[in-house]
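Structural overview for review
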Amino acid sequence: MHARAVAATTTALLGTTLLLPTSEVRAVGAYDRPLVVAHRGASAYTPENTLPAIDKAAALGIPWVENDVQRTKDGELVVIHDDSLQRTTNVEEVFPGRAPWKVKDFTAAEVARLDAGSWFGPAFAGTRVPTLEQYMRRVEHNHQKLLLEIKNPQLYPGIERQTLKLLGNEGWLDHRHLASRLIVQSFSADSVRIVHDLKPGIRTGFLGQPSTADLHQYAGFADLINPSHGTLSAGYVSTVHAFTGPHGSPLRVFTWVVDDAARARTVAGYGVDGIITNKPDVVREALDAS
Ligand code: G3P
Ligand code: CA
């Protein structure tokens, strides 16, 4: 029996399938095959966490994109992965005396001066670090869906509330978006719990692989458990699926970062609900072919 079918059977035996409203089933996971999520946008082909990266995902026909949200010195939410601007911008050239170039030590106006594309390739020269507001507007324009990661929340007190306020201002906390277009995740369980407590209608994900003995605690505030693919097994996925999350559905599993076709088919066989990838076209084709 296919791992997904095994998981579904396990869940049914535990009685939780009967609790699933149809809208919940459609919203996240429980598809015939895993969702494909473009990690930092289509980041194998475009500079990560930029507007071209989500445009590329859209051009490839990939609705789901993932990003990383942090905060500038003067309180602007921006989309960037590292806590430093060094790797993905020309900050060293523009502000040579400001090592180690932490995001939290630069104002939004300073960040807006940086080139976040040239490091990737000359075709992307002049690309900017997007503010979260700019990013949300482009995701909306592209009719895409967002797996939003709150990155390094320990550096940015209150970032959860601030992020939700911005999402609300952008119209992303209405029923339509909450039901099918938004998941908020973090490596910080505290941050995920805060998001859940502030806005219980939001689907949330915990990044990591808690021990099975601890999963019941995560099921109180997280709808998804999102582990690295390297340590994943079919047994772990079906164990996660046996728990019911805060919205009455089985916990889901989105795994990361899988760029290889064979590995994508393997983790799909484990029964995962989503695959987060820098090469969403490769993963989609791998799943199409299996
Ligand atoms: O969405 C999963 C993945 O983004 C977690 O790792 O370091 O790329 O943010 P990282
Ligand atoms: Ca991330």
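To be clear, the structure that these remarks concern was listed above.
Everything numeric here is computed off the predicted structure, so don't read it as measured data. (Residues numbered from 1 in each chain as written. Chains lettered and ligands numbered in written order. Predicted model: local features only at pLDDT ≥ 70, side-chain atom pairs only at ≥ 80, totals over all residues. Heavy atoms only, no water.)

**A short note on the pairing of strand S6 (residues 203–207)**
Within S6, five of the five residues are buried, which leaves it mostly tucked inside the rest of the structure. Both faces of S6 are covered, namely the face carrying Arg-203, Gly-205 and Leu-207 and the face carrying Thr-204 and Phe-206. Remark: the strand S5 (residues 182–186)/helix H9 (residues 189–198)/S6 crossover connection has right-handed handedness. Judged from the three bridges that link them, S6 and strand S7 (residues 224–226) form a sheet pairing that is parallel. What sits directly across from Phe-206, in S7, is Ile-225. (Buried < 20%, exposed > 50% of the residue type's maximum accessible area, 1.4 Å probe, protein only. Helix = DSSP H or I, 4+ residues; strand = E, 2+ residues; numbered from the N terminus. Right-handed = clockwise from strand over helix to strand, strands pointing away. Pairing = 2+ DSSP bridges.)

**Some points on the pattern of salt bridges**
Taken as a whole and judged by the stated rule, the model has 14 salt bridges. In this structure, Asp-55 engages Arg-138 in a salt bridge whose closest nitrogen and oxygen atoms are separated by 2.5 Å. Taken together, the residues span a long stretch of sequence, with Asp-55 in helix H3 (residues 51–59) and Arg-138 in helix H6 (residues 132–141) at a distance of 83 residues. For Asp-55, a relative accessible area of 27% puts it in the partly exposed group. Its salt-bridge partner being Asp-190, residue Arg-193 comes within 3.1 Å of it at the nearest N-O pair. Separated by three residues within a single helix, Arg-193 and Asp-190 lie in helix H9, roughly one turn from each other. A single network of salt bridges, built from pairs that share partners, joins Arg-40, Glu-48, Asp-82 and Arg-87. (Salt bridge = Lys/Arg side-chain N within 4 Å of Asp/Glu carboxyl O.)

**A word on the coordination of the calcium ion (ligand 2)**
Reference values for coordination geometry: four tetrahedral donors around a metal ideally subtend 109.5 degrees, six octahedral donors ideally subtend 90 or 180 degrees. Around the calcium ion (ligand 2), the protein contributes the donor atoms Glu-66 (OE), Asp-68 (OD) and Glu-149 (OE), which lie 2.1 to 2.3 Å from the metal centre. Each donor residue of the calcium ion (ligand 2) lies on one chain, and together they are spaced E-x1-D-x80-E. For Glu-66, a relative accessible area of 3% puts it in the buried group. (Donors = N, O, S within 2.8 Å, 3.2 Å for Na, K, Ca; no water.)

**Structural notes on the site of ligand 1**
Around ligand 1 lies a shell formed by His-39, Arg-40, Glu-66, Asp-68, His-81, Glu-149, Lys-151, Gln-185, Phe-187, Leu-207, Trp-256 and Ile-276. At a separation of 3.0 Å, an oxygen atom of ligand 1 approaches a polar side-chain atom of Glu-149. Protein contacts shield 91% of the accessible area of ligand 1, which totals 290 Å² for the unbound molecule. Residue classes in the shell around ligand 1 are distributed as four nonpolar, three polar and five charged. (Near = heavy atom within 4 Å. Polar contact = N/O pair within 3.5 Å; in protein donor to acceptor, adjacent residues only side chain to side chain. Areas by Shrake-Rupley, 256 points an atom, 1.4 Å probe, with all protein chains shown as cover. Nonpolar A, V, L, I, M, F, W, Y, C, P; charged D, E, K, R; others polar.)

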